[in-house]
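Listed below, chain by chain, are the residues.
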Amino acid sequence: AQTVTQSQPEMSVQEAETVTLSCTYDTSENNYYLFWYKQPPSRQMILVIRQEAYKQQNATENRFSVNFQKAAKSFSLKISDSQLGDTAMYFCGLTNFGNEKLTFGTGTRLTIIP
Amino acid sequence: DTEVTQTPKHLVMGMTNKKSLKCEQHMGHRAMYWYKQKAKKPPELMFVYSYEKLSINESVPSRFSPECPNSSLLNLHLHALQPEDSALYLCASSQDHDRLTEMNTGELFFGEGSRLTVL
């Protein structure tokens, strides 16, 4: 069984600041993918960033980067220079190789304050 | 703009009604998914279709009946639902699905969802 835990139900930061969202997970597999998805209010969920477990280098996508600590089973998301459009629910997710099931964490509601 | 289109966006039905949710994608994706999302909760996987065949059924009650007429379409037929079935129903598709290894390695593309209310 695989589990994903997000311990921060809500966070808020001032616009232009940097914020880090936490995620820990557990899986018995050695090969898996980790994701951060963003769900803005009343809009569809979109992928923010993806990390392959076999890659040591942390994934980055413009203002979004991750801190992947495989031994600690930690996968945090850092948002730099936060913008009002970053206000959304953020879900951390995990998929094992050979398994179509994407397991989500409980989510972190992020609010960017003008 | 979403490339996964779900209809209707809103649906209100009684417990004795029969209705259907529809999902369509034209990205050539070969895996399609139904998720159920309650307010302030993460999406919960219901069904996965891979190459038009049902590959995952997460022990969903039979009052939910999925159908995949072709690789672009995914339906969810609803019958005799309960008020607790009220939720946002999300459809998703994925491209990076290897037929031999059955690995889902890629991004899920979600629709905007169908908000269902059961009275």
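Before reading on, note that the structure itself is shown above.
Since we're looking at a predicted model, the values are computed, not measured. (Residues numbered from 1 in each chain as written. Chains lettered and ligands numbered in written order. Predicted model: local features only at pLDDT ≥ 70, side-chain atom pairs only at ≥ 80, totals over all residues. Heavy atoms only, no water.)

Some details on the state of the cysteines
For clarity, the cut-off: Sulfur atoms of two cysteines make up a disulfide when they are within 2.5 Å. Helix and strand assignments follow DSSP, with helices taken as H or I runs no shorter than four residues and strands as E runs no shorter than two, numbered in order from the N terminus. Burial here depends on accessible area, computed with a 1.4 Å probe over protein chains only, as a share of the maximum for the residue type. Under 20% is buried, over 50% is exposed, and the range in between is partly exposed.
Enumeration over the complete set of coordinates arrives at 2 disulfides over all chains. Each sulfur of the disulfide joining Cys23(A) and Cys92(A) lies 2.0 Å from the other. Disulfide Cys23(A)-Cys92(A): the torsion about the S-S bond is -75°, which places it as left-handed. Of this pair, Cys23(A) sits in the loop between strand S3 (19-21) and strand S4 (24-26) while Cys92(A) sits in strand S10 (residues 88-96); the two residues are 69 residues apart in sequence, bridging distant segments of the chain. Paired by a disulfide, Cys23(B) and Cys91(B) hold their sulfur atoms 1.9 Å apart. Across the S-S bond of Cys23(B) and Cys91(B) the torsion is about -75°, and the bridge reads as left-handed. Taken together, the residues Cys23(B) in strand S3 (residues 18-25) and Cys91(B) in strand S9 (residues 87-94) connect sequence positions 68 residues apart. Comparing Cys23(B) with Cys91(B) shows no difference in burial state: the two are buried.

Let's talk about the sheet that holds strand S8 (residues 73-79) of chain B
All names here are of chain B. Quick reminder of the rule: A strand pair is defined by DSSP finding two or more bridges across the two strands. Only the stretch in contact is used when fitting a helix axis, every axis being a line fitted to C-alpha atoms; angles between N-to-C directions are given from 0 to 180 degrees.
Read from one edge to the other, the open sheet built from 4 strands follows the order S1-S3-S8-S7, with strand pairing classed as antiparallel. A strand with exactly one partner marks an edge of an open sheet, and here the two such strands are strand S1 (4-7) and strand S7 (64-70). Sheet twist, expressed as the mean angle between neighbouring strand axes with direction ignored, is 20°. Summarising the sheet, S3 and S8 pair through 7 bridges and their orientation is antiparallel. Of the residues in S8, the one forming a bridge with Leu21 is Leu76.

Focus: the nonpolar core
What counts is decided by this rule: Among the buried residues, those of types Ala, Val, Leu, Ile, Met, Phe, Trp, Tyr and Cys that are joined through side-chain atoms within 4.5 Å form a nonpolar core. Whether two residues touch is decided by their heavy atoms; if any such pair falls within 4.5 Å, the residues are in contact.
Of all hydrophobic cores here, the largest spans 25 residues; its most connected members are Tyr25(A), Trp36(A), Phe75(A), Leu77(A), Tyr90(A) and Leu110(A). Top contributing element to this core by residue count: S10(A), with 4 residues. Setting aside its immediate chain neighbours within four residues, Leu110(A) contacts Met11(A), Val13(A), Val19(A), Leu21(A), Ile79(A), Asp86(A), Thr87(A), Ala88(A) and Tyr90(A). Ranked by size, the runner-up nonpolar core spans 22 residues in total, among them Leu21(B), Leu78(B), Tyr89(B) and Val118(B).

Digging into unusual backbone geometry
Excluding glycine, most residues fall at negative phi; most peptide bonds, likewise, are trans. All names here are of chain B. Residue Pro8 follows Thr7 across a cis peptide bond; omega there is -10°. Relative to the helices and strands, Pro8 resides in the loop between S1 and strand S2 (10-13). If you check the backbone angles, Lys40 has positive phi at about 60° while not being a glycine. For Lys40, the position within the fold is in the loop between strand S4 (31-37) and strand S5 (44-50). Looking at Lys40, the relative accessible area reads 69%, which means it is exposed.

Looking at the pattern of salt bridges
For side chains bearing opposite charge, pairing can occur when the charged atoms are close. Going by this rule: Note on definitions: salt bridges are taken to be side-chain nitrogens of Lys or Arg within 4 Å of carboxyl oxygens of Asp or Glu.
Following the criterion strictly, the structure yields 7 salt bridges over all chains and no others. Note that Lys73(A) is salt-bridged to Asp26(A), the shortest N-O span being 2.9 Å. Linking Lys73(A) in the loop between strand S8 (64-69) and strand S9 (74-79) with Asp26(A) in strand S4, this pair joins segments that are 47 residues apart in sequence. Here Arg63(B) makes a salt bridge to Asp85(B), at a shortest N to O gap of 2.7 Å. Within this pair, whereas Arg63(B) is found in the loop between strand S6 (53-57) and S7, its partner Asp85(B) is found in the loop between S8 and S9, the two being separated by 22 residues in sequence. Several salt bridges converge on common partners, so that one network encompasses Arg50(A), Glu52(A) and Lys55(A).

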